[in-house]
Amino acid sequence: MRAGNGQPLPRYAIDDSDNPLCTALRRRQIAVNVPASAFAAARATAGLAAGAQHLNFASLTVVPLMAAGKTAGVMVVGSRDTASMDTPRVQQMLVSLASHAATALDYGRLIKSLRQRDSEREIEQTFQTMILETMSDALVVIDAQGTIRFVNQRLLSMTGYPSRSLEGLSVGELFHPDDRQEVMTGLLRENASTMKFNQ
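Undergrad: Report on the overall build of the protein chain, specifying residues and quantitative values.
TA: Per the secondary structure count, the protein chain includes 6 helices and 6 strands. Helices and strands appear in the protein chain in the N-to-C order α-β-α-α-β-β-α-β-β-α-α-β. The C-alpha radius of gyration of the protein chain comes to 31 Å, more than 25% above the 16 Å expected for a compact globule of 199 residues. A principal-axis box enclosing the C-alpha atoms of the protein chain has dimensions of 90 × 35 × 30 Å. Within the protein chain, contacts between residues at least 6 apart in sequence are counted, and of these 42% link residues at least 24 apart. Summing over all exposed atoms, the protein chain offers an accessible surface of approximately 13,300 Å²; the carbon and sulfur share of this is 52%. On the protein chain, the mean spot of the 20 positive side-chain charges and the mean spot of the 19 negative ones are 11 Å from each other.

What follows is the structure, given as structure tokens:
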């Protein structure tokens, strides 16, 4: 992952005692009006100190981002006037804002995880379908009620049915009407989920 300027995102050792970000994160406590110069002391936060100086911030307030009992990171708020950050009401608003930000981060991670799982599942299904479609045997996959959920191309070629026309129908449709009841009873009794047909 990269920062907006294309540089790698900074990584911090959580036990770095010279780093005000790590201290606030470890203690899970807001650090109000930390002088911008304190960030210049740690090599890892020197860029943050330079940015604060460029924006004429006298101090920075570091607020832990906590959601569901977990600390997800920190939020840094700069101030030109140190007195404005030192009131209980402002600190309460910052903690509330940080809580919303942490929740948004959690949702973002959850969505990313779900998308990754969906992508992996899609790849797996594509692979399985590819294998099933290249089999020399005709194959039908059914659910517990005997409803067709998948048929491979070989079965369609053997039966003359068009693609997707069998999915959702009873597997009994593939058998002679005189044999359907017996076949369905046997399949359901055996909890069969696949059937192979040879030409």
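Undergrad: Before we move on, could you go through the sheet that holds strand S4 (residues 138-142) and cite the residues and values that matter?
TA: Pairing is antiparallel in the open sheet, where 3 strands are placed in the order S5-S4-S6. Across the chains shown, the open sheet's two edge strands, defined by having one partner strand only, are strand S5 (148-151) and strand S6 (194-197). Averaged over neighbouring strand pairs, the angle between their axes works out to 20° when direction is ignored. In this structure, S4 lies alongside S6, joined through 4 bridges in antiparallel fashion. Paired with valine 140 across the strands is methionine 195, a residue of S6.

Undergrad: Lay out the side chain of threonine 61 in plain terms, naming residues and giving numbers.
TA: Relative to the helices and strands, threonine 61 is located in strand S2 (residues 59-67). A relative accessible area of 0% means that threonine 61 is categorised as buried. Look past the residues within four positions of threonine 61 in its chain and what remains in contact with it is Ile30, Ala31, Val32, Asn33, Met75, Val76, Val77, Met85 and Leu94.

Undergrad: Outline the sheet that holds S2, listing residues and values.
TA: Reading across from one edge, S1-S2-S3 is the order of the 3 strands in this open sheet, with antiparallel pairing throughout. The open sheet has two edge strands with one neighbour each: strand S1 (31-35) and strand S3 (70-79). On average, each strand axis in the sheet is tilted by 30° relative to the strand beside it, whichever way the strands run. Note that S1 and S2 share 3 bridges and pair antiparallel. What sits directly across from valine 34, in S2, is leucine 60.

Undergrad: Report on unusual backbone geometry, specifying residues and quantitative values.
TA: Peptide bonds are, in most cases, trans, and in most cases residues other than glycine have a negative phi. Phi at asparagine 33 is positive, roughly 55°, even though this residue is not glycine. Residue position: asparagine 33 is located in strand S1. For asparagine 33, a relative accessible area of 19% puts it in the buried group. Even without glycine at this site, asparagine 56 takes up a positive phi of about 60°. Along the chain, asparagine 56 turns up in the loop between helix H3 (46-54) and S2. Classification of asparagine 56 as exposed rests on a relative accessible area of 55%.

Undergrad: Could you give an account of the nonpolar core, naming the residues involved and the relevant values?
TA: Counting 15 residues, the largest nonpolar core has Val140, Ile148, Leu155, Val171, Leu174 and Phe197 as its most contacted members. Elements with a contribution of two residues or more to this core: S4, S5, helix H5 (153-159), helix H6 (180-190) and S6. The leading source of residues in this core is S4, at 3 residues. Discounting residues that sit within four places of it in the chain, leucine 174 has contacts with Val140, Ile148, Leu155, Thr159, Tyr161, Leu166 and Phe197. Counting 9 residues, the second largest nonpolar core, distinct from the first, contains Ala24, Ala36, Phe39 and Leu60.

The rules behind these values
Residues numbered from 1 in each chain as written. Predicted model: local features only at pLDDT ≥ 70, side-chain atom pairs only at ≥ 80, totals over all residues. Heavy atoms only, no water. Helix = DSSP H or I, 4+ residues; strand = E, 2+ residues; numbered from the N terminus. Rg over C-alpha atoms; globule rule 2.2 N^0.38 Å. Contact = heavy atoms within 4.5 Å. Areas by Shrake-Rupley, 256 points an atom, 1.4 Å probe, with all protein chains shown as cover. Lys, Arg positive; Asp, Glu negative; His and termini not counted. Charge placed at Lys NZ, Arg CZ, Asp CG, Glu CD. Pairing = 2+ DSSP bridges. Axes fitted to C-alpha atoms, helices over the stretch in contact; angles between N-to-C directions. Buried < 20%, exposed > 50% of the residue type's maximum accessible area, 1.4 Å probe, protein only. Core = buried A, V, L, I, M, F, W, Y, C linked by side-chain atoms within 4.5 Å.

By themselves, these figures tell us nothing about what the structure is for.
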